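Structural characterization, general
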Amino acid sequence: MNKNEKLEALNKKRHEVMLGGGEQAIQKQKESGKLTARERIGLLLDANSFNEYDLFAQHEARDFGMMEKVLNGDGVIIGTGTIDNRPVCVFAQDFTVVGGSLGYMHAKKITKIQDVAMKMRVPCIGINDSGGARIQEGVSSLAGYGEIFYRNTQASGVIPQISVILGPCAGGAVYSPALTDYVFVVDKISKMFITGPEVIKTVLGEEISQEDLGGARVHSEITGNAHFFAHDEEECFRQIRKLLSIIPHNNKIAADRNKTIKPTAKIDINDIVPIDPTKPYDVRSVIKAISDDSDFVEVMEKFAQNIVIGYARIDGKTVGFVANQPYYLAGVLDVDCSDKAARFIRYCDAFNIPLVTLVDLPGYLPGVDQEHAGVIRHGAKLLYAYSEASVPKITVILRKAYGGGYIAMSSRHLEADFVYAWPTAEIAVMGPQGAANIIFRKEIMSAENPDEMRKQKVEEYKQRFANPYVAAAKGYVDSVIKPAETREMLIHSLKVCENKAEIKTDKKHGIPPF
Amino acid sequence: MDENKKIQITIDDENYETFSTPAFDRKKKWEMPDDNIIKSIIPGTIIDVMVKQGQTVKEGDIMLVIEAMKMNNRLAFTKDGVVDKIFVKPGDIVAKGKELLSLK
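Note that the structure is predicted; figures quoted are calculated from it, not measured. (Residues numbered from 1 in each chain as written. Chains lettered and ligands numbered in written order. Predicted model: local features only at pLDDT ≥ 70, side-chain atom pairs only at ≥ 80, totals over all residues. Heavy atoms only, no water.)

1. Some thoughts on the overall build of chain B
The following threshold applies: Helix and strand assignments follow DSSP, with helices taken as H or I runs no shorter than four residues and strands as E runs no shorter than two, numbered in order from the N terminus. In this setup the radius of gyration rests on C-alpha atoms only. A globule is expected at 2.2 Å times the number of residues raised to 0.38. We call a residue buried when its accessible area falls under 20% of the maximum for its residue type, exposed when it is over 50%, and partly exposed in between, using a 1.4 Å probe and counting protein chains only. Note on contacts: a residue pair is in contact if any heavy atoms of the two residues lie within 4.5 Å. Per-residue accessibility takes into account occlusion by the displayed protein chains alone, with areas from the Shrake-Rupley method and a 1.4 Å probe. The charge count includes Lys and Arg as positive and Asp and Glu as negative, but it does not include His or the ends of the chains. In plain terms, the charge of a residue is placed at NZ if it is Lys, CZ if Arg, CG if Asp and CD if Glu.
Within chain B, the secondary structure is distributed over one helix and ten strands. Listing every helix and strand of chain B by position from the N terminus yields β-β-α-β-β-β-β-β-β-β-β. Expected size for 104 residues packed as a compact globule is a radius of gyration near 13 Å; at 20 Å, chain B overshoots this value by more than 25%. Considering only C-alpha atoms, chain B reaches an extent of 55 × 30 × 20 Å along its principal axes. Counting over 104 residues, chain B shows a buried share of 31%. The contacts in chain B between residues at least 6 apart in sequence include a share of 46% that link residues at least 24 apart. Element-wise, carbon and sulfur atoms account for 50% of the exposed surface of chain B, whose accessible area totals about 6,900 Å². For chain B, the centre of its 17 positive side-chain charges and the centre of its 18 negative side-chain charges are spaced 7 Å apart.

Right, here's the structure in full:
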């Protein structure tokens, strides 16, 4: 072969392998409403920025007639590329090649790109579309999964790890996404479960569709396994690019600083929060009213909606917001929202993202189901995460902050750096009704008109305690501010916190209650 | 947001107006357990029922065998009593929490 022939041979070989499972399989993939692995990489990365590795990888399996089988790329595509001109690592399982099943070489390719991501300190994005372990390869496939999980764990808190579920992801395969930081799902395409509908039917006689068992909605709303929900694959990749534009790409560098853009929200911040603490409103309006360009990237939007978490920029710099959401379940703390917020706080702490906490909550959700679901154990995660976090912690108490909920929501007592309160804040052990009923029980019971007396005592309590000034008098609140001053106070406080010293202890790591 | 139900949550005698979430809508109401009703602790298939209606049983007696996770599990009574009703027969596939039999 002369040089030209060799070049031609390479072209031909590349073309063949890049077809994955072949035209027919690609057709089938499209018919099932899915994009191909290569199209997905194209949507994720900057145009023409993808460089592929191990295109010519081959499996070494021998049993069950595998020797004769050539599996292009062994069912997975790996490489590096850029998003907004910053490097990232990617792997994408190719369902057209034996259902994207995971054999040992397939796993080796994934762990190779994980290692590159870790060495180069760049985000790692995994696109999952696989029927599961390649049974013919036996324990080698299991080994492959294990090696991926190990790397997921080692990379946790060092680089952002993103899992995109664009097809089935079943059995052991689900645990790599579960170990990563962000799971993206797409309506009607994503399916995640440990045991599928067939097994459930055999064992239990219960019929359930893949969608109802582990579809995108289920994981976004019920299980909390997914962090971002999209209606189609294009939207999903836009969401990933957006997220990566606002979070740091490793734990040693800050997120890109943007130009400071004033909030665009048309709503007057003074008008958002009703003065009556029993009335709902959407706390995201407050977040938007104080964030640059009113741009808020909400994480886990559909799960445990009684707490809102996500990223925004203030004065050009990324912050993580944690906010009680009175619109849903009165913004109470419960098992799910404590878990959701705690993990987010730990993420922000690991990646040096300052935390801004907006407080408006009546306390913990009462009920047998919550107690039995372990609200003590899960609620403790929130206390742990806030206490442990050494990033700048700024708290704004918007309205009510009652009881244990007040303590948990980044209070001064958990070493928040600056605590502000609006004049509408009520910092107390509980709401006026409950408190009056306990404190003035005798007076109310023995009164000629108990209802009238109760009313009077509730009013008395409100006057005395339902305000921010009792806490301010003790220095638990640093300043009572007008809503309109909030953004400027945050900008200033974040500036003051810029070189916050980290308290180092000699412990190896703490033992959070999970 | 509008698909969510308007609800009221009461905490410390204070009634809060708010909206429900999908997970909140799905939660089951707690019921006081009745130790005369024996429920399956695992999903599986009933292999054998060892007792009859009206039979007097003692703590430790085997009531039935259920195959679950490829194991034959022998279920024993945890208290003395008389078998009141039997809700399953060999071959039945039962879910976790399914009532198996009751005592009186």
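2. Some words on the confidence of the model for chain B
All names here are of chain B. Counted only if it meets this: A residue's pLDDT is the predictor's confidence in that residue, given on a scale from 0 to 100.
Per-residue pLDDT for chain B averages 90, and the proportion of residues at 70 or more is 97%. Mean pLDDT across the elements of chain B ranges from a minimum in helix H1 (residues 22-26), with 88, to a maximum in strand E8 (residues 81-86), with 95. Reported confidence for the predicted complex is 0.85 by ipTM and 0.93 by pTM.

3. Considerations on the pairing of strand E7 (residues 71-76) of chain B
Residues and elements named next belong to chain B. Just so we agree on the cut-off: Two strands are said to pair when DSSP picks up at least two bridges between them.
The sheet contact formed by strand E6 (residues 62-68) and E7 spans six bridges and is antiparallel. Across the sheet, residue valine 65 finds its bridge partner in E7, namely arginine 74. Joining the antiparallel neighbours E6 and E7 is a turn of two residues, in which methionine 69 adopts a positive phi near 50 degrees.

4. Considerations on the interface of chain B and chain A
Rules: Accessible area, probed at 1.4 Å, shrinks when two parts are joined; the buried area is that loss added up over both. Take a side-chain nitrogen of Lys or Arg and a carboxyl oxygen of Asp or Glu: if they are within 4 Å of each other, that pair is a salt bridge. Side-chain atoms alone can form a polar contact between residues adjacent in sequence; in general such a contact is a pair of N or O atoms within 3.5 Å, and within protein one must be able to donate a hydrogen while the other accepts it.
Taken together, the contacts link 27 residues of chain B with 36 residues of chain A. The junction of chain B with chain A conceals about 2,700 Å² of combined surface from both sides, 63% of it contributed by carbon and sulfur atoms. Remark: the boundary between chain B and chain A carries two salt bridges. Salt-bridge contacts for Glu17(B) lead to Lys279(A); the nearest nitrogen and oxygen are separated by 2.8 Å. At the junction of chain B and chain A, the tally comes to eleven residue pairs in polar contact (both at pLDDT 80 or more). Those elements that provide at least two residues to the side of chain B that touches chain A are strand E1 (6-11), strand E2 (14-19), H1 and strand E9 (93-94) of chain B. Here the side of chain B that touches chain A takes six residues from E2(B), the largest share from any one element.

5. A look at helix H4 (residues 104-120) of chain A
Residues and elements named next belong to chain A. Our working definition: A helix's residues, less one, multiplied by 1.5 Å, set its expected span.
In this model, H4 (17 residues) spans 24 Å end to end at C-alpha, consistent with the 24 Å of a helix rising 1.5 Å per residue. Of all the residues in H4, the buried ones are His106, Ala107, Lys109, Ile110, Thr111, Ile113, Gln114 and Ala117. In this structure, the buried residues of H4 make contact with strand E1 (51-53), strand E2 (76-83), strand E3 (86-93), strand E4 (124-128), helix H5 (139-155) and strand E5 (161-165). Following H4 by one or two positions, arginine 121 has its phi on the positive side, about 55 degrees.

6. Observations concerning the sheet that holds strand E5 (residues 56-57) of chain B
Residue and element names in this part refer to chain B. Read from one edge of the open sheet, four strands run E3-E10-E8-E5, paired in antiparallel fashion. Each edge of the open sheet is held by one strand with a lone partner, namely strand E3 (37-39) and E5. Both E3 and strand E10 (residues 99-103) contribute to a ladder of three bridges, which runs antiparallel. When the sheet's bridge partners are listed, lysine 39 is paired in E10 with glutamate 99.

7. With respect to the sheet that holds E1(A)
All names here are of chain A. Cut-off, in case you're wondering: For helices, the axis comes from a line fit to the C-alpha atoms of the stretch in contact; other axes are also lines fit to C-alpha atoms, and the angle between any two N-to-C directions lies between 0 and 180 degrees.
With mixed pairing, seven strands are arranged side by side in an open sheet as E1-E2-E3-E4-E5-E7-E9. In this open sheet, the two edge strands, each paired with only one partner strand, are E1 and strand E9 (228-230). Averaged over all neighbouring strand pairs, the angle between strand axes comes to 20 degrees, with direction disregarded. One ladder, built from eight bridges, connects E2 with E3; its direction is antiparallel. Counterpart to glycine 81 in the pairing with E3 is valine 88.

8. Details of the packing of aromatic side chains
Residues and elements named next belong to chain A. So the rule is basically this: Only Phe, Tyr and Trp rings take part, Trp by its six-membered ring, and two of them pair if their centres are within 6.5 Å. Stacked means planes under 30 degrees apart, edge-to-face means over 60, and tilted covers everything else. A ring has a charge above it when a Lys NZ or an Arg CZ is no more than 6 Å from the ring centre and no more than 35 degrees off the ring normal.
In the structure shown here, the tally under the stated rule is eleven aromatic pairs over all chains. Here phenylalanine 296 and phenylalanine 321 contribute two aromatic rings whose centre-to-centre distance is 6.2 Å and whose plane-to-plane angle is 85 degrees, an arrangement assigned as edge-to-face. Of this pair, phenylalanine 296 sits in strand E10 (residues 296-299) while phenylalanine 321 sits in strand E12 (residues 317-324), and the two are 25 residues apart along the sequence. Just as phenylalanine 296 is buried, phenylalanine 321 falls in that class too. Between tyrosine 461 and phenylalanine 465, the ring centres sit 5.0 Å apart and the planes meet at 40 degrees, which makes this aromatic pair tilted. Here tyrosine 461 pairs with phenylalanine 465, and both are found in helix H19 (residues 450-465), just four residues apart, close to one helical turn. Here tyrosine 461 falls in the buried class, since its relative accessible area comes to 7%. An aromatic cluster is present here, built from Tyr182, Phe184, Phe228, Tyr347 and Phe351 joined pairwise through their rings. The ring of phenylalanine 95 has lysine 34 lying over it, and the distance from NZ or CZ to the ring centre is 4.0 Å.

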